[in-house]
Amino acid sequence: EITEPGDYTLVIPEESFVFGQSMIGSTEWKFVYTIEAGANLGALPVSITPAAGSTVEELKMIVFEFSAADYPGSMDYDGSKSPKLYNAAGEFVAEGQMGYADATTYMSLYVNFETPITEEGVYTLKVPEGAMVEYAFGSDNPKVCPAFEVTYTIAGAAPQANMIIS
């Protein structure tokens, strides 16, 4: 799979294909493709619950809602793209498991923590590029959602910035 922006040429050599009973070989064919920067980026969630930047009593589940034009999904098949939660010192706290929050519309995804996070402080959920994807109806080629971060404060700590898109 080629994903880097640039111009690419696919060359099919002469006589790669044979046509008809006369066994006449094909001529050389060239196809030029251009991949534009950011062309395969998917949408970000339109809402997050609890809201980014909010103060909560615990973090157990975070729901990411997508617009009606998007069909969200996850490409985290092996756990390498799992969202991860960090404390204010940048120390790893927990890894989130992803799934569909609404199994009837499939318009929202959740990140769930096995054990609720209840210790006071400021926490940042880092969602890596590709953890969430957007499918077009009838397409097997999803658009990759960019990496983003969501910050929360657990009761008692000073609020921080809402959402940083990288």
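Shown above is the structure to which this text applies.
I will try to describe carefully the structure that is included in this document. (Residues numbered from 1 in each chain as written. Predicted model: local features only at pLDDT ≥ 70, side-chain atom pairs only at ≥ 80, totals over all residues. Heavy atoms only, no water.)

## Quick notes on the overall build of the chain
Move 1: Helices and strands together make up the secondary structure of the chain, namely zero helices and 17 strands.
Move 2: Buried positions account for 31% of the 166 residues belonging to the chain.
Move 3: Excluding contacts between residues fewer than 6 apart, the proportion of contacts in the chain whose partners are at least 24 apart in sequence is 57%.
Move 4: With the model as given, the accessible surface of the chain reaches about 10200 Å², and the carbon-plus-sulfur share is 53%. (Helix = DSSP H or I, 4+ residues; strand = E, 2+ residues; numbered from the N terminus. Buried < 20%, exposed > 50% of the residue type's maximum accessible area, 1.4 Å probe, protein only. Contact = heavy atoms within 4.5 Å. Areas by Shrake-Rupley, 256 points an atom, 1.4 Å probe, with all protein chains shown as cover.)

## Points about a nonpolar patch on the surface
Move 1: A contiguous nonpolar patch, built from Leu10, Phe17, Phe19, Trp29, Phe31 and Tyr33 and spanning about 570 Å² of accessible area, is present on the exposed surface.
Move 2: A total of three residues in the nonpolar patch trace back to one element, the largest contributor, which is strand S4 (residues 29-35).
Move 3: Summarising the element assignment, Phe17 is placed in the loop between strand S1 (6-12) and strand S2 (18-19). (Patch = residues over 30% accessible without salt bridge, like charges linked within 9 Å, V, L, I, M, F, W, Y side chains within 5 Å. Salt bridge = Lys/Arg side-chain N within 4 Å of Asp/Glu carboxyl O.)

## Here's the deal with the side chain of Thr151
Move 1: Relative to the assigned elements, Thr151 resides in strand S16 (residues 148-154).
Move 2: By relative accessible area, which is 9% here, Thr151 ends up buried.
Move 3: Engagement of the side chain of Thr151 in a polar contact is seen with the side chain of Thr124, the distance being 3.4 Å. (Polar contact = N/O pair within 3.5 Å; in protein donor to acceptor, adjacent residues only side chain to side chain.)

## Looking at the sheet that holds strand S11 (residues 97-100)
Move 1: Taking strand neighbours across the sheet as the criterion, the four strands line up as S5-S7-S12-S11 in an open arrangement whose pairing is antiparallel. For this open sheet the edge positions go to strand S5 (47-49) and S11, each flanked by a neighbour on one side alone. Within the sheet, the average angular offset between the axes of one strand and its neighbour, ignoring direction, is 20°. (Pairing = 2+ DSSP bridges. Axes fitted to C-alpha atoms, helices over the stretch in contact; angles between N-to-C directions.)

## Focus: unusual backbone geometry
Move 1: The omega torsion across Thr49 and Pro50 is -5°, close enough to zero to call that bond cis.
Move 2: Tracing the sequence through the fold places Pro50 in the loop between S5 and strand S6 (55-56).

## Considering the environment of Thr118
Move 1: Mapped onto the elements of the fold, Thr118 is located in the loop between strand S12 (108-117) and strand S13 (121-127).
Move 2: With 61 residues separating them in the primary sequence, Thr118 and Glu57 have C-alpha atoms 6.5 Å apart.
Move 3: What Thr118 contacts, discounting residues up to four positions off in sequence, is Glu57, Glu58 and Ile154.

## So, the pairing of S12
Move 1: The pairing of strand S7 (residues 59-65) with S12 spans six bridges and is antiparallel. Residue pairing across strands places Met61 opposite Asn112, the latter belonging to S12.

Distances and angles like these do not, on their own, reveal function.
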